[in-house]
Structure formats: structure tokens, C-alpha cells
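Understanding the architecture of this molecule
Here's the letter readout for the chains.
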Amino acid sequence: RSIVFTSIGRRFIESEIDLRKEIWRKEILDLMLVRHLSDTVKNSEKGFLYKEDIINEISNKLPQEDPEKIFKTFISWTRFADLLAYDSETEEVSLQ
């Protein structure tokens, strides 16, 4: 078996961490759900949303999926990309 990388995948694995984050950010913002949730946080009046708000959005957009699992993935991906921050004590999602 062999693994074939796309040009962006090859660039990602060969890059330093700051460039990896930039590549990752660009790629995940092409995903409609990530873009929608990130924009929702960005446009919130308080400057943040609670985890419950994000979970509700996920449930509405993907009713057949496990919203908690999607939330964890969303937070992990957006934190790596330096897009969003998550405070597990207050359960607040905000801009990075």
C-alpha cells in the first residue's frame, strides 16, 4: 500500500507550524459548517457563544450526527487554525 499526497497535503507536511496553521485555516474555512459556525461566533453581539449555542446549530444543520462529537472536532480544528478559542470552564467559544 502507498499513500499519495495532494500538492497541498505535501506542502502542509513539509511546512513549519505557522504555515501549517495558515494552510489548515484556509482549508477548513472551505467547509460550509466550519464557515457558518465561525461566522456565527464572529458576528455574535457578546463576542462569544456558549457551547450549547454551537451544539444547537450543529444539531440543526446535521440532525443525523452526534453534535457533541462534531463540536469536539470543530473546536479542535479551529483551535489548531488559531480561528477560535474555547474555555471549557465557562463553555465559551470566542475568536482567537
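Here, the structure is the one placed above.
These notes cover the structure that comes with them. Values in this document were obtained by computation on a predicted structure and should not be read as measured data. (Residues numbered from 1 in each chain as written. Predicted model: local features only at pLDDT ≥ 70, side-chain atom pairs only at ≥ 80, totals over all residues. Heavy atoms only, no water.)

**Focus on the nonpolar core**
If you look at the biggest cluster of nonpolar residues, it comprises 17 residues, and the most contacted ones within it are Ile54, Phe71, Phe74 and Val93. The set of elements that each furnish at least two residues to this core consists of helix H3 (32-42), helix H4 (51-61), helix H5 (67-80) and strand S2 (84-87). (Core = buried A, V, L, I, M, F, W, Y, C linked by side-chain atoms within 4.5 Å. Buried < 20%, exposed > 50% of the residue type's maximum accessible area, 1.4 Å probe, protein only. Helix = DSSP H or I, 4+ residues; strand = E, 2+ residues; numbered from the N terminus.)

**Let's talk about the pairing of strand S3 (residues 92-95)**
As paired elements, strand S1 (residues 48-50) and S3 share three bridges and run antiparallel to each other. Bridge pairing links phenylalanine 48 to serine 94 in S3. Alignment of S2 against S3, held across four bridges, turns out to be antiparallel. Bridge pairing in S3 links leucine 84 to leucine 95. (Pairing = 2+ DSSP bridges.)

**Section: the pattern of salt bridges**
Under the criterion given, the structure shown has three salt bridges. Between aspartate 82 and lysine 21 there is a salt bridge whose closest N-O contact spans 3.5 Å. With a gap of 61 residues between them, aspartate 82 in the loop between H5 and S2 and lysine 21 in helix H2 (residues 17-28) connect regions that are remote in the sequence. Judged by its relative accessible area of 33%, aspartate 82 falls in the partly exposed class. (Salt bridge = Lys/Arg side-chain N within 4 Å of Asp/Glu carboxyl O.)

**A look at the environment of lysine 69**
The topology assignment puts lysine 69 in helix H5. For lysine 69, a relative accessible area of 59% corresponds to the exposed category. C-alpha of lysine 69 to C-alpha of isoleucine 55: the two residues are 14 residues apart in sequence and 9.7 Å apart in space.

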